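Descriptive structure summary
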4 protein chains.
Amino acid sequence: MLFRRLYSKSGGLGTHRLEALSDGVFGVSITLLVLAIVVPQLTSLELVDGGLGRALVSLWPRALIYVISFFVIGIYWMGHNIMFSYIERSDRVLIVLNILLLMSVSFIPFAADLLGRYPFETTALMVYGLTLAFGGLMFEIVWLYASKHHRLIRKSMSSELIRLGKLLILITPLLYAGAALIAMVNPYLTMAIFGIVPLLYIIPGPIDDLVAGAEVVQ
Amino acid sequence: MLFRRLYSKSGGLGTHRLEALSDGVFGVSITLLVLAIVVPQLTSLELVDGGLGRALVSLWPRALIYVISFFVIGIYWMGHNIMFSYIERSDRVLIVLNILLLMSVSFIPFAADLLGRYPFETTALMVYGLTLAFGGLMFEIVWLYASKHHRLIRKSMSSELIRLGKLLILITPLLYAGAALIAMVNPYLTMAIFGIVPLLYIIPGPIDDLVAGAEVVQ
Amino acid sequence: MLFRRLYSKSGGLGTHRLEALSDGVFGVSITLLVLAIVVPQLTSLELVDGGLGRALVSLWPRALIYVISFFVIGIYWMGHNIMFSYIERSDRVLIVLNILLLMSVSFIPFAADLLGRYPFETTALMVYGLTLAFGGLMFEIVWLYASKHHRLIRKSMSSELIRLGKLLILITPLLYAGAALIAMVNPYLTMAIFGIVPLLYIIPGPIDDLVAGAEVVQ
Amino acid sequence: MLFRRLYSKSGGLGTHRLEALSDGVFGVSITLLVLAIVVPQLTSLELVDGGLGRALVSLWPRALIYVISFFVIGIYWMGHNIMFSYIERSDRVLIVLNILLLMSVSFIPFAADLLGRYPFETTALMVYGLTLAFGGLMFEIVWLYASKHHRLIRKSMSSELIRLGKLLILITPLLYAGAALIAMVNPYLTMAIFGIVPLLYIIPGPIDDLVAGAEVVQ
């Protein structure tokens, strides 16, 4: 009882430090990805023989996973940025759900390292896909919690836009969960999906030019 | 004398950068936890034999410690966030006490790595428990220092709430110190306590809904 | 269609969190550089023999690359800081281009590690030079996109200054791409260029004293 | 000429992002220190024999260097925080000098790792001492540059306080340079100085209570 009384004060907190912690976790995770590309160790003989170029070329699966994972974390960060531009307060539940979301993000370097080492192994593909699906699912849950009865979001947000958010956020975890399942049948198709999904969020549409002049939200 | 004259100027500092450094240390520490889960190295033969799945399953103690530690750092960050929403100024003593608090946080990845490698060893459990107890104790000391005669906290805070804070913050270090002692008798009970304590801070209560509409503190 | 409708909202976002993520990636990348200087492992016998000093001296190529790379990332950060003091809004395209820019920055620790291990190898020099050239090119593309028709930059910026920016930003990637090509002929000249380029951005000119009193931009 | 014209614009920049980058480098460096304390690898036999406790105890030199270095970086951060509460603008020279300062900070994890592995070796003690002395020297140079003719600092700061700052900041690099020299004669004395210096900045004086009520500077 007393316990709840103090901690429930978090209900009145802003989202400034929650965003700072999140930016930290996104920033460190995205930068740690490069540690999975290990500099090859060559003998002097191999070096003279032009072995460095060949050794670097053989790192291509790791480089590919690096680029894909960098975009995934970058786009998840963009989603977090957009979502929290609508969320204006935090409470304990939101903080805990956000911790789970960050846990999935900080797990991506491990999943990427695993997939870089075993690029077309079903198990590695499934771990990678399910990690991303779990992350996407946490976005959905954060949004469901924050937007219910305008609990923590801006009052001005229309319920139509809220519903639209629920629907669109769900697409990503479904795609990644599907890709993970497909890995049991065709690993190459799974890898192709991993490569294509980020592109959906990158390519701009005609509306982007229109909104460029909209009111700025910090 | 002269020496004190310049440095004591820190007494008039705000808490903005103290929070930024703290968010950095919390964010990096929580993200480094994943480095303790090392990608298994398999031969081609083991790989063909479906060894990757088995190797990953055998990492479960590390995964468990990862999840527990992620929640511990996350909840310690939440406590820091809540506590510093009441603290509005910093001085040299507060900065030094906060450095000790951050030291305990940044030590958690080591303690977690140790416990992940030796999951039910008494020594590893005690190091982990005492690290968390030390962190919790630093929270208590920071609060005792900052709140004494409203030294650095908001004038509007009632002495009843201050006292309540002192009491509640003390629960965590006592639980973890107790868990560390119990490890000498029953390692499994200690691990169970490590798993349960974070849940106390996660599950919301009925008051949370009430305060959701309270005034926002950035 | 619906999809674009929600995500295009990012058009109205500020640049606060984009800068926070960028500062995180720059800060972590610049700090990870030191991990490439590995502490030498000596036997007791080698130690008694004064071998530690010799072992440290033999690390000079790594120390040199460390210093150069630290300045490169530092100066790229300075460029980012200056550029975004003119950019006042973000949209999805800018975020994606900035992710590519950050990808090049976070790749520098790998390229630096590679070059530190194989200091005068043509392949390593080319990877390093092309990584920096790619980073510089992304600065140019970000600027071209943001400044076109004053899309995302301050209205008050003169088109003369915009054009000047386009020109000057282009110098860096051209220098680094040139240095990478030269590595096929003369590795030592390439290394010399790597050492000299950062100095161009360090040495102040007479105008610096004049502008010191200009209006502050946060 | 044209070149200077654009870049000299940095003269009008605030210090917000400079502080953000610095907090990032300080935060990552201080958190990376723990990586130098490596979890001991034991066989099952050694483990049964109570070898884990002994192995951990034998890590005491690393733990000691960890605690000392954590305080050094923490106190350097405190100094940076205090110094930049007086500096209100940045220009290219300040940014470059600050990069050199951050370079010394980010080098501390290497020097600490070296000293933790070879705790009483003259060479390791000298590298550690000179790294800290270089850091302290950069603080002095940053202050000399920023405060000259009130170039970048608050106009309200008295020239007496500026002079006082110059004097006091110089103490730290002199102490560390002295400690490095002493290592050639008596390594234990050097280590003792490393342990004592941070304490000078930790212990509060009577004035601290007086200034606690001063105007808050964010």
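This part covers the environment of L21 of chain A. Position of L21 of chain A among the secondary structure elements: in helix 2 (residues 16–32). You can call L21 of chain A buried: its relative accessible area is 3%. The spacing of L21 of chain A and L114 of chain A is 93 residues in sequence and 26 Å in space, taken between C-alpha atoms. The contact partners of L21 of chain A, leaving out residues within four places of it in the chain, are L102 of chain A together with D23, F26, G27 and W77 of chain B.

The end-to-end C-alpha separation of helix 7 (residues 122–147) of chain A is 37 Å, in line with the 38 Å expected for 26 residues at 1.5 Å each. One or two residues past the end of helix 7 of chain A sits H149 of chain A, with phi positive at roughly 50 degrees.

Turning to the confidence of the model for chain A, a few remarks are in order. Residues and elements named next belong to chain A. Model confidence for chain A is summarised by a mean pLDDT of 87, while 88% of its residues fall at 70 or above. Confidence, expressed as mean pLDDT per element, reaches its minimum in chain A at helix 1 (residues 2–7) with 40 and its maximum at helix 7 with 97. The low-confidence segment residues 1–11, where pLDDT is below 50, has 34 contacts with residues more than four positions distant or belonging to other chains. Of the regions scoring below 50 in pLDDT, residues 206–218 engages in 27 contacts with residues more than four places distant in sequence or in other chains. Here the complex is predicted with pTM 0.90, and the ipTM for its interfaces comes to 0.87.

Taken as a whole, this structure holds 28 aromatic pairs over all chains when the rule is applied. Ring geometry for Y176 of chain D versus F194 of chain D: centroids 6.1 Å apart, planes at 45 degrees, classification tilted. Of this pair, Y176 of chain D sits in helix 8 (residues 159–182) while F194 of chain D is found in helix 9 (residues 187–202), placing the two residues 18 residues apart along the sequence. Summarising the burial analysis for this pair, Y176 of chain D and F194 of chain D share the class buried. Among the aromatic residues, those joined into a ring-pair cluster are Y66 and F70 of chain A together with F107 and F110 of chain C.

All names here are of chain A. Positive phi is not limited to glycine here, since H149 has a value of about 50 degrees. Its place among the elements puts H149 in the loop between helix 7 and helix 8 (159–182). Residue H150 is not a glycine yet carries a positive backbone phi of 55 degrees. Tracing the backbone shows H150 in the loop between helix 7 and helix 8.

The rules we used
- Residues numbered from 1 in each chain as written.
- Chains lettered and ligands numbered in written order.
- Predicted model: local features only at pLDDT ≥ 70, side-chain atom pairs only at ≥ 80, totals over all residues.
- Heavy atoms only, no water.
- Helix = DSSP H or I, 4+ residues; strand = E, 2+ residues; numbered from the N terminus.
- Buried < 20%, exposed > 50% of the residue type's maximum accessible area, 1.4 Å probe, protein only.
- Contact = heavy atoms within 4.5 Å.
- Expected span 1.5 Å × (residues − 1).
- pLDDT = per-residue confidence, 0-100.
- Phe/Tyr/Trp six-rings, centres within 6.5 Å; stacked < 30°, edge-to-face > 60°.

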